[in-house]
Every structure is written in structure tokens, then in C-alpha cells.
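The chain contents come next:
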Amino acid sequence: SRGYKAWLHYEGQLSNKGLAKWADCFRSIICIPGERGGVLNTAIGELASGIEALTGNKPEVTDAASAVDRKRCIAAGIIGAMPLDGLAISLAEAEQLPDEGFIIRTIDNGDLCSIAIAGRSERGLMYGVFHFLRLLQTEGIGENGFNVVEQPAFRLRMLNQWDNMDGSVERGYAGRSIFYRNYELLARSPRIKDYARLLASVGINGIAINNVNVHRQETKLITERYLPDVARVADTFRAYGIRLYLSVNFAGPLELGELDTADPLDPRVQAWWKERANEVYSYVPDFGGFLVKADSENRPGPFTYGRDHADGANMLADALAPYGGIVLWRCFVYNCQQDWRDRSTDRAKAAYDHFRPLDGRFRDNVILQIKNGPMDFQVREPVSPLFGAMPNTNHMMEFQVTQEYTGQQRHVCFLVPQWKEVLDFDTRLKGEGTRVKDLAAGKVHPYTHCGVTAVSNIGDDDNWTGHHLAQSNLYGYGRLMWNPDLEAEAIAEEWTRQTFGGDAAVVETITGWLMESWGTYESYTAPLGVGWMVTPHYHYGPDVDGYEYSKWGTYHFADWKGIGVDRTQATGTGYTAQYEAENARVYENLATCPDELLLFFHHVPYIHKLHSGKTVIQHIYDTHFEGVQRVEAQLASWLSLEGKIDEERFRHVTGRAKEQLENAKLWRDVINTYFYRKSGISDEQGRTIY
Ligand code: BDP
């Protein structure tokens with residue numbers, strides 16, 4: 001179905017003006033053989049079938065060896081292994097590209113035109129092919145052809161599946177797992193291959209296929225019970241240039257009943273993990289490594305044995321090192337047993353407090369995986385102050401593509417603008433201009449490994465993501481992490497064109513909806529960076545006082561006088577001190593703290609005036625009324641597309657948008673009423689507050 005194909009429709013004829021000139025090129029593909037690996041075959045296969053779908057003609061695929069004429073063709077190959085003469089690519093230029101880079105260039109020789117797609121490696125070629133097909137679909141090929149040189153900004157561009165072996169998906173909003181059913185891996189499922197293809201098309205190169213919360217059965221994924229199936233799944237991903245990783249249980253040796261301890265300094269434990277690693281690599285020779293959530297939300301970890309995170313991570317790192325594997329050690333660590341409002345335990349401070357003192361102690365093949373904000377994927381958070389603060393420790397940033405706190409794929413919330421703000425954030429850690437994206441790219445500190453990862457949003461729903469429009473987040477994650485300098489709007493538009501076609505009204509309406517959706521969601525939910533206010537555990541729909549760890553009272557500190565969390569050094573938890581001095585100053589002071597984060601950093605009276613000129617209470621009322629109006633307007637413009645979108649997707653999206661509207665009204669009413677009753681201050685505009 002159309003939803004299943006996501007953005008890889010390749011529908012319709014390629015028919016723009018310039019095409020005539022290049023038309024002959026589309027009839028034959030000359031593949032200059034390099035090492036003939038699986039990824040090369042994938043690339044050539046994608047190129048041939050993509051062109052066939054787009055032009056209606058099946059191109060002939062030949063080897064350079066048998067080809068007499070390299071004109072009027074697409075020459076595809078790997079730099080170093082393909083002759084470059086006549087292709088307008090110089091070897092010196094090409095060799096400057098990193099492994100995953102590529103060049104797409106058209107050669108206009110009058111009536112002997114040709115097109116070159118040259119990858120620095122097999123993967124580079126595959127990314128080049130997908131890029132070429134994307135350009136054909138979104139822009140077409142003009143009179144001047146193409147001149148593209150691309151390389152990814154980040155070396156690791158990963159996804160994490162939070163899939164459990166019983167077939168459920170933690171924080172999954174799109175059906176059941178495509179990887180597991182009844183404690184078996186669906187190792188031969190064509191769906192996994194189709195998923196790999198979607199991911200490769202946007203440049204993802206690593207995937208961890210089980211939940212970070214590793215339960216009893218998942219602990220066995222690194223044993224012979226499951227490794228043959230894991231190897232099959234790894235084969236599938238390998239053909240698309242994606243490395244496989246597994247989440248492991250730190251208490252594995254205990255959980256499997258093989259040892260009576262998981263102490264990382266115990267030689268028996270170390271030997272046990274070495275043996276496990278050895279076995280994993282005997283099945284999956286290019287296995288990526290282990291992803292670990294330890295001493296976090298009741299998961300086991302080194303603390304039990306009086307050891308620290310470095311002890312724990314290094315023990316696993318040593319087991320993987322002989323095979324080139326890495327440990328992705330998560331920093332989502334805070335004490336969920338304790339009242340965090342005790343100043344020393346502000347949850348926002350926890351990751352930095354735990355990890356920062358350990359800088360320099362981690363092995364070279366450990367990467368700290370740090371969530372984008374200090375809390376937990378809220379609609380608005382400041383950037384985690386830990387990111388970049390450990391110059392001698394590899395970093396990668398973790399985002400959340402699945403919309404746990406942002407409407408659960410029942411609401412539209414296109415997150416690319418949020419991620420972009422995070423990547424553009426200036427940490428100032430090495431002076432002005434030390435942006436998160438430069439840190440993640442390894443340009444600031446010389447990290448051995450670095451990059452980005454994210455929690456995936458897919459399941460076995462036919463359209464992958466529950467809401468058709470939520471596909472844009474998966475697509476957008478890949479594209480932005482390939483090139484963080486792309487504009488969010490450009491990504492939204494190219495996704496829309498590929499997914500819904502090029503009709504001007506369709507493109508404008510959907511792109512517009514996506515672009516304002518994050519702000520809209522924020523406006524009718526938790527205000528000014530305070531976060532949460534969602535139903536505990538489910539995290540959908542409003543519950544102002546709702547917070548899992550609320551046995552000590554409300555989370556947002558609202559009383560009759562004011563609201564917000566005082567995280568200043570002067571009078572609060574002191575969290576602001578974790579930022580570089582200049583940023584700390586900006587957040588510490590009411591006069592400079594940005595409005596959108598005000599309540600994250602400060603506790604203020606309801607009548608406190610924002611930089612916008614409004615009082616906090618009036619801002620709450622206004623944004624909540626406006627938020628609902630915006631959803632109403634978005635629904636109306638979507639409905640105007642009737643007839644321009646296939647019936648199935650039109651009806652489905654309409655249904656979800658109506659639910660979003662009802663839920664937004666609920667948010668508006670619950671939030672406005674709560675704060676009206678708390679504050680006793682009326683809405684200046686006299687609107688009805690229930
Ligand atoms: C929170 C989720 C929880 C995850 C946890 C994590 O609510 O399900 O296990 O993050 O990242 O956002 O480990």
C-alpha cells in the first residue's frame with residue numbers, strides 16, 4: 001500500500017524539461033566492478049528499479065568490462081576501482097571524501113551525455129544512488145544536470161529499537177514489533193528488509209534491535225539460543241550498510257544463572273563477557289557492539305558492587321575490543337527512589353553529576369550516549385549540559401523519534417525543528433561557536449567514536465508509524481543527521497513530495513502543517529519549558545500534577561502565587577552551574593532567560609512579565625486557546641485536500657487529526673482551569689474557562 005512504501009514511491013513519470021537531454025542515460029547503467037559485496041549489489045539494484053519506476057523503462061545493467069561506450073549511460077562505481085576518465089571527477093577530489101561520501105555529476109557532451117555516481121565505498125555509492133533517486137523525485141533533472149558532492153556530518157547515525165521479545169514495543173505507537181513474536185526473532189521476515197531499505201535511503205548506518213530495558217528472555221540474545229537468528233537479521237541489515245548492535249543486561253551472568261555476581265572487577269565476570277563477545281562475533285563478524293542502560297530506573301549496574309560507570313563500561317569494552325566492537329553506555333541515570341527536590345538530587349543535574357567526574361577514565365571504544373535534554377524527551381528542554389563537557393570521553397547524542405511525550409503519533413508533531421535547535425545550540429565550551437553539531441561530529445574534541453542515535457518510531461502497522469505523517473520524523477531524523485545544515489522546511493518539503501506527490505496545494509499544506517506542528521503541540525500542552533503534566537506512565541493526555549515520582553508532591557511547584565522550578569545557583573538547585581559560564585549566566589538571570597525555558601529554570605509569580613510582554617498566566621491562557629485554534633485550522637486545510645490524496649490515507653489522517661483536536665481541547669481546558677483555580681486570576685480576554 002502507499003503507506004507501506006513510505007517515501008520510496010518512485011511514482012509517476014519523470015517528465016521535466018531538461019529530461020530529453022538526459023533521457024538516453026537512463027537506458028543503461030554501467031557498473032564498474034569494485035569489490036562485489038552485498039551493498040554494491042543493493043546499490044545497483046536500487047538504481048535499476050528506481051529508474052524503471054520513474055521512467056517506465058527498465059535500464060540495461062552491464063559491467064564496464066563488456067561496455068564499449070561509456071557515453072549515454074549512468075556510470076556507477078566505487079572511487080579507486082572505477083576509471084574516472086570522461087566522468088568529470090578527479091581522483092584527488094574524490095579521495096578527499098570519507099568512506100561514506102559520494103559524487104553525482106552529469107557530463108554534458110552535446111548528444112553524448114552521461115551521468116556519474118561515484119561512491120568512496122560501497123556504502124558511499126548506495127547513499128549516492130538513494131540521493132540521486134531522491135533528487136529525481138523532488139526536483140527532477142534540469143537542463144544543467146547535477147553536480148553534487150556529499151558526505152555525512154556524523155560518523156555514527158544510529159537507531160534504537162525499544163522492541164521486546166514478547167512482541168511489544170516500549171513507547172511504541174505503531175502496532176507490535178516487526179522483529180519479535182512470542183519470544184522468537186522474525187529473522188526471515190521481509191519486513192525487516194524493507195525497514196533496512198527505508199533506513200539506508202536516509203543514511204542510517206547502525207541499529208540496536210532490542211529494548212534498552214533488557215528482561216530475562218532478551219538477556220539470551222547473546223547466547224546460542226538466539227545468535228543464529230541474530231546473525232540472519234545482521235545479514236539483512238548488512239546488505240544495506242547497517243551494523244547491528246544489541247542491548248545487554250549488565251547482570252547477564254547472574255540473570256542466566258551462570259555466576260553469582262556481575263561485579264565488573266571480578267575476573268570470572270570479565271571472562272564471562274569475553275566468552276559472550278567471542279560467541280557473538282563468531283556469528284556476526286562485523287557486530288557493532290553493546291548498548292547498555294545500567295543503574296538507571298531499576299536496571300542493574302556496577303553500583304551494586306560499589307563500582308562506577310567507568311568500571312562497568314570498561315569491562316564490556318575490553319571484551320569487545322579484540323573484535324573492534326564498541327560500548328554505547330547510556331547516561332540516562334538519575335535516582336528515581338529519592339525526592340529530587342533535595343537540592344543535591346535535582347533530576348536535571350543527575351547525568352552530569354554522575355559522569356562528568358569520570359572524564360578520561362573510559363576506554364577508547366566506549367561512547368557515552370547522552371539524551372538531548374537533561375530530563376526526558378519533553379516537548380521543550382534545554383540542551384543537556386553534559387554534552388561536550390567531557391573532552392576525553394567519546395559522545396553521542398540520543399534523540400527520540402518515537403513521540404512518547406509529543407502526542408504519541410496520534411498528534412502531528414514534526415520534530416526536526418526541535419532537533420535542529422539542539423544541534424545548533426552553542427555550548428560555548430571552547431569559546432563562542434562550540435555547537436552541539438560540531439561536538440557530535442568530533443570537530444571539537446578528537447573523539448574516536450561519535451555521532452547520534454535515536455529511539456525509533458516504527459511498528460508493524462501497515463504504514464510503519466501509526467500516523468502517516470509521523471513517517472516524516474523517521475525520514476527527517478536520517479536526513480538531518482546526514483546534514484544538520486539542511487533547513488527543517490526543506491526536509492519537510494522533500495518528504496512530502498516523495499510521500500504524497502508534487503501537487504502544489506498538497507505540498508504547501510502538508511509542509512506547512514508539519515512546520516508549525518511542534519509549536520502547536522507545545523502551545524496546548526506544558527507551558528514555558530516546565531514539562532510533563534501528562535498522565536503518569538502512559539504520557540498521553542493532560543494530568544497537570546501527574547509525574548511518576550510524585551509521592552513527594554507535584555512536579556512543577558505550582559501554588560496560588562506562582563509556578564516553575566528554581567534551578568538557579570542563587571536560590572535553587574544550582575543546575576545552571578553545569579553550563580559554561582556565559583550560558584549559565586543567561587539561564588540564571590530572569591532578565592536573560594529565554595521565555596520558552598523560563599519555568600524550567602525559575603519559579604515565578606503568575607503575574608511575572610515575560611519578554612513577550614505578557615504575564616505568565618496570560619501566556620498560559622492565550623497559548624492554550626490559540627493551540628486549539630491552530631489545530632482547527634490545520635484540520636480545515638487538510639480537509640481541503642480531499643480528492644488530491646488517496647482515499648485510504650486521507651481518511652486515516654483525517655481521523656487522527658480529529659482526535660488530536662479533541663485531545664487538544666482537553667489539554668486547553670484542563671490546563672487553563674487548573675491555573676485559573678490556583679491563581680484566581682481571570683483571563684484578560686474574558687474567555688470561558690471551564
Ligand atoms: C523514558 C521512557 C522509558 C524508557 C526510558 C529510557 O518513559 O520507557 O525506558 O526513557 O530512556 O523516556 O531508558
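Reading guide: rules and limits
- Residues numbered from 1 in each chain as written.
- Predicted model: local features only at pLDDT ≥ 70, side-chain atom pairs only at ≥ 80, totals over all residues.
- Heavy atoms only, no water.
- Helix = DSSP H or I, 4+ residues; strand = E, 2+ residues; numbered from the N terminus.
- Rg over C-alpha atoms; globule rule 2.2 N^0.38 Å.
- Buried < 20%, exposed > 50% of the residue type's maximum accessible area, 1.4 Å probe, protein only.
- Contact = heavy atoms within 4.5 Å.
- Axes fitted to C-alpha atoms, helices over the stretch in contact; angles between N-to-C directions.
- Parallel < 35°, antiparallel > 145°, perpendicular 65-115°, else oblique.
- Left-handed = near helix turned anticlockwise from the far one by under 90°.
- Nonpolar A, V, L, I, M, F, W, Y, C, P; charged D, E, K, R; others polar.
- Near = heavy atom within 4 Å.
- Polar contact = N/O pair within 3.5 Å; in protein donor to acceptor, adjacent residues only side chain to side chain.
- Areas by Shrake-Rupley, 256 points an atom, 1.4 Å probe, with all protein chains shown as cover.

*Asks:* How should I be thinking about the overall build of the chain in this particular structure?
*Replies:* Helices and strands together make up the secondary structure of the chain, namely 21 helices and 18 strands. By the compact-globule yardstick of 26 Å for 690 residues, the chain fits well, its C-alpha radius of gyration being 26 Å. Over its C-alpha atoms, taken along the principal directions, the chain stretches across nearly 85 × 65 × 50 Å. Sorting the 690 residues of the chain into buried and exposed places 62% on the buried side. The contacts in the chain between residues at least 6 apart in sequence include a share of 72% that link residues at least 24 apart.

*Asks:* Is there a simple way to explain the packing of helix H8 (residues 227-238) against helix H10 (residues 267-283) in this structure?
*Replies:* When two helices pack together, you describe them by how their axes are tilted relative to each other and by the distance separating the axes. Their axes nearest at 9 Å, the elements H8 and H10 cross at an angle of 50°. By the angle class used here, H8 and H10 are oblique. The two elements H8 and H10 meet at a crossing, and its hand is right-handed. Counting all contacts with H8, which are made through Leu227, Pro228 and Ala231, the residues of H10 involved are Glu279, Val280 and Tyr283. Residue composition of the contact of H8 with H10, by class: five nonpolar, no polar and one charged.

*Asks:* Explain the site of the ligand to me, please; I cannot follow it from the model alone.
*Replies:* Around the ligand, 13 residues are found, and the nearest of them are Glu170, Lys293, Arg330, Lys371 and Glu404. At 2.4 Å from an oxygen atom of the ligand is found a side-chain nitrogen or oxygen belonging to Glu170. A distance of 2.7 Å is found between an oxygen atom of the ligand and a side-chain nitrogen or oxygen belonging to Arg330. Against a free-state accessible area of 320 Å², the protein chains account for coverage of 96% of the ligand. The residue inventory of the shell around the ligand, partitioned by class, reads three nonpolar, two polar and eight charged.

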